[in-house]
Amino acid sequence: MSTSSIRTTCCVVGGGPAGMMLGFLLARAGVKATVLEKHADFLRDFRGDTIHPSTLELMFELGLLDEFLKLPHARVDHLSGQVGDATIRVADFSHLPTHCKFIALMPQWDFLDFLAEQGKKYPAFDLHMRTEATDLIEEGGCVVGVRAKSPEGEIEIRADLTVGTDGRHSTMRACAGFSVEDIGAPMDVLWFRVSRRATDTAETFGHMEAGRMLVMLNRTTYWQCAYLIPKGGIDQVKAKGLDAFRDSVAFMSPFLRDRLGEIKSWDDVKLLTVAVDRLHHWHKSGLLCIGDAAHAMSPIGGVGINLAIQDAVAAANILAIPLREGRVSDALLAAVQRRRTMPMRVIQWLQVQIQNNVLSAVLTSSARPKLPFAAKLVNRLPLLQRLPARIIGLGVRPEHVRTAEATPTR
Ligand SMILES: Cc1cc2nc3c(=O)[nH]c(=O)nc-3n(C[C@H](O)[C@H](O)[C@H](O)COP(=O)(O)OP(=O)(O)OC[C@H]3O[C@@H](n4cnc5c(N)ncnc54)[C@H](O)[C@@H]3O)c2cc1C
């Protein structure tokens, strides 16, 4: 069977937040961008749903904020938590120096569909669904594209630059032989949903008890729930049975008790393994990795999507004009890594501190957790709640859109 071939300027492998944002920004700047996504749609329920103020600010800079906020979403302007029997307020977003002083909770597939629709307005945007990159094409020590499986058969996509945005299990980074620093995480997440009633609290919150933690995200008609368990502990949870699991959830959120029958079998509870890692080198000639492919983030703070998007904006800012002019160099790819390393490391460091000093202790303890002194202080002094809000909502050194809209819209 003959292999067909596509020629493009930038081949983006993976249509998650990093890939869709990069593909859109490059196409908007007049760079031919071919995005490959292995699935047929964006409808998967494992990605997280938080669109942070930093991302909403980018939407404003792109002139898309009003349209974006027409999509169904819930707004979170503060975060609360319950540790044992104490309730605390952790972060207050209402003072952020951004147009949106809240986190928008929106199914990620709506966000990705939105980016795809925006991308399609530009002739340079070329999205291939059901197309899975399987290998890199290398010539003379330089990556010149990828091989992929598509509904039409094998294809080759030849590109001046290939960007791996294929997530934490990145094929691109494995094919490139990039070495990974595995930082690890002490927990896994059980992900399930339960219906929400109009009379329920509107709060998005977390609850820690001995040996477990539950985070509930308000998605208007249902609660998206994340139940944290010690790493590798799924067999133990299952061995205790579904009733014991439902009881445990009801203990953490008693108002859910009469709806927990909606969890009919373990098929309704998905195990998400948590990884935290980062590449030593994000690039080699002709190839760059960004987003989770370069640094898998812990779900703590729900920042991974937003960091992936920040990477995409930085990459587009640095590479769009050189790509258009055919002069992308190793030095420019290194500049993208340099630009994003510090913000990513700071956030990973904070996540690891929370993982190791708070979550590990809670998940392995049989005693009811007590509020740490620092948390008591944050709870008592509202001014201090602005700091976590800034770190979670904006991250470190937030990116801004520097690429101009170069092509006429379709
Ligand atoms: C349990 C859990 C909960 C989380 N919750 C949140 C949250 O609430 N908020 C938040 O901000 N972050 C959250 N995160 C982190 C977040 O999911 C990631 O950081 C973020 O999705 C990274 O985006 P990405 O675009 O780099 O990669 P991904 O979102 O992983 O996207 C990669 C894409 O590439 C595609 N792909 C993979 N391989 C190939 C291939 N070979 N060819 C073509 N396509 C391919 C995949 O189908 C996927 O669409 C959570 C993580 C976990 C584990």
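The rules behind the values
Residues numbered from 1 in each chain as written. Predicted model: local features only at pLDDT ≥ 70, side-chain atom pairs only at ≥ 80, totals over all residues. Heavy atoms only, no water. Near = heavy atom within 4 Å. Polar contact = N/O pair within 3.5 Å; in protein donor to acceptor, adjacent residues only side chain to side chain. Areas by Shrake-Rupley, 256 points an atom, 1.4 Å probe, with all protein chains shown as cover. Helix = DSSP H or I, 4+ residues; strand = E, 2+ residues; numbered from the N terminus. Nonpolar A, V, L, I, M, F, W, Y, C, P; charged D, E, K, R; others polar. Buried < 20%, exposed > 50% of the residue type's maximum accessible area, 1.4 Å probe, protein only. Pairing = 2+ DSSP bridges. Axes fitted to C-alpha atoms, helices over the stretch in contact; angles between N-to-C directions. Contact = heavy atoms within 4.5 Å.

### Comments concerning the site of the ligand
Inference 1: Taken together, 34 residues form the shell around the ligand, and within it Glu 37, Arg 47, Thr 50, Asp 292 and Ile 305 come nearest.
Inference 2: Contact between the ligand and Lys 38: a nitrogen atom at 3.2 Å from a main-chain N or O atom of the residue.
Inference 3: Against a free-state accessible area of 1,000 Å², the protein chains account for coverage of 94% of the ligand.
Inference 4: Of all elements in the fold, only helix H1 (17-28), strand E9 (132-139) and helix H8 (304-324) reach the threshold of two or more residues within the shell around the ligand.
Inference 5: Of all the elements, H8 adds the most residues to the shell around the ligand, at four residues.
Inference 6: In terms of residue class, the shell around the ligand is built from 11 nonpolar, 14 polar and nine charged.

### Some remarks on the pairing of strand E16 (residues 222-230)
Inference 1: The buried count for E16 comes to eight of nine residues, which makes it a mostly enclosed element.
Inference 2: Pairing of strand E15 (residues 212-218) with E16, which is carried by six bridges, proceeds in the antiparallel orientation. Paired with Leu 217 across the strands is Gln 224, a residue of E16.
Inference 3: Counted along the chain from E15 to the antiparallel partner E16, the turn is three residues long, and its residue Thr 220 has a positive phi close to 65°.

### Brief notes about the sheet that holds E15
In any sheet, the strands associate via hydrogen bonds between backbone groups, in a parallel or an antiparallel arrangement.
Inference 1: Pairing in this open sheet of seven strands is mixed, and the strands run E6-E5-E14-E15-E16-E13-E17 from one edge to the other. Where the open sheet ends on each side, the last strands, each with one partner, are strand E6 (86-92) and strand E17 (270-273). Adjacent strand axes in the sheet meet at a mean angle of 20° when their direction is disregarded.
Inference 2: On top of the sheet, helix H11 (residues 386-394) reaches strand E5 (78-83) and E6; it is set at about 60° to E6, its chief contact.

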